[in-house]
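Listed below, chain by chain, are the residues.
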Amino acid sequence: MGKRELPALLALGAVILIGALWGHGTGIPADAPAAIPDQTKRYVALTFDDGPHPGTTDKLLDGLLERNVKATFFLVGEEAASNRELVQRMGREGHQVGNHTWSHRRLDALPEEEIVQEVGKTDALFRSLLGDGDYWLRPPYGAVRPGTEGLFHVPLVKWSVDPRDWESRNTQNVVRAVREAVEPNSIILLHDIYPTSVEAALLLIDALHGEGYEFLTVEEMFRRNGITPEQGVLYRNGNP
């Protein structure tokens, strides 16, 4: 037997041995996941920051209603207080309303008492307009300071797709950026204060529907994927 033939025979023997063991019940460890997530379900969540804004948010709501799509709105308290009817419309039409602080200040740069005020004042407004509920938090700029997680009594939501719509203000650029990055269980970040972003959102819904995507609120996407969100934990997507 030549030296070159020996490794090949050893490799063949290893394959045969593994096959025999597999056939006798050796294989998937007992502590392995029970099942692989269903990759045929193409969920995605559209989220909108910094509103509500008259003239753009209402147009977006019209388009979502027409398409029977639910989205998640992370509202700035100051803007919500000035546009209460838009907040109430979101609630009536089944959208998820979330907290984006009162004045859009960076929470990682604030003393703890001011963090509590920024979040708590907005939460109180939502309760007065929409009733009791868990109004999930998106920290401005997605930033929280390590060690402050205990201040937050709801889940925290970041994003996995950011087309930087605030920067380009160009509808087609936003659509292109999202379509290049989107995948099942993405959380897409947009801003309903820009007309170009509203136009892009509606174009994206039409295009991604054609690719088999289903649009859900963040909360519903988590529920469908069997995720039990925890307070103070920052989530970037809806992957199980």
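Model, not experiment: these values are computed from the prediction.

Some words on the pattern of salt bridges
Next, step 1: Counted according to the given criterion, the structure contains 15 salt bridges.
Next, step 2: Here E118 and R105 are joined by a salt bridge, their closest N and O atoms 4.0 Å apart. Of the two residues, E118 sits in helix 5 (residues 112–130) while R105 sits in the loop between strand 3 (96–99) and helix 5, which places them 13 residues apart along the sequence.
Next, step 3: Among the salt bridges present, the one from D132 reaches R127, with a minimum N-O distance of 3.4 Å.
Next, step 4: The partly exposed category is assigned to R127, whose relative accessible area is 33%.

Details of the packing of aromatic side chains
Next, step 1: The full count for this structure, using the stated rule, is 4 aromatic pairs.
Next, step 2: On the numbers, 5.8 Å between centres and 45 degrees between planes, the contact of W136 with F222 is tilted. Of this pair, W136 sits in the loop between helix 5 and strand 4 (156–157) while F222 is found in helix 9 (residues 218–224), placing the two residues 86 residues apart along the sequence.
Next, step 3: Between F222 and Y235, the ring centres sit 5.2 Å apart and the planes meet at 65 degrees, which makes this aromatic pair edge-to-face. With F222 in helix 9 and Y235 in strand 7 (residues 234–235), the pair connects residues that are 13 residues apart, well separated along the chain.
Next, step 4: Owing to a relative accessible area of 13%, Y235 belongs among the buried residues under this scheme.
Next, step 5: A connected cluster of aromatic rings, assembled from ring pairs, spans W136, F222 and Y235.
Next, step 6: The ring of W159 carries the charged tip of K158 above its face, separated from the ring centre by 5.7 Å.

Definitions and limits used
- Residues numbered from 1 in each chain as written.
- Predicted model: local features only at pLDDT ≥ 70, side-chain atom pairs only at ≥ 80, totals over all residues.
- Heavy atoms only, no water.
- Salt bridge = Lys/Arg side-chain N within 4 Å of Asp/Glu carboxyl O.
- Helix = DSSP H or I, 4+ residues; strand = E, 2+ residues; numbered from the N terminus.
- Buried < 20%, exposed > 50% of the residue type's maximum accessible area, 1.4 Å probe, protein only.
- Phe/Tyr/Trp six-rings, centres within 6.5 Å; stacked < 30°, edge-to-face > 60°.
- Lys NZ or Arg CZ within 6 Å of the ring centre and 35° of its normal.

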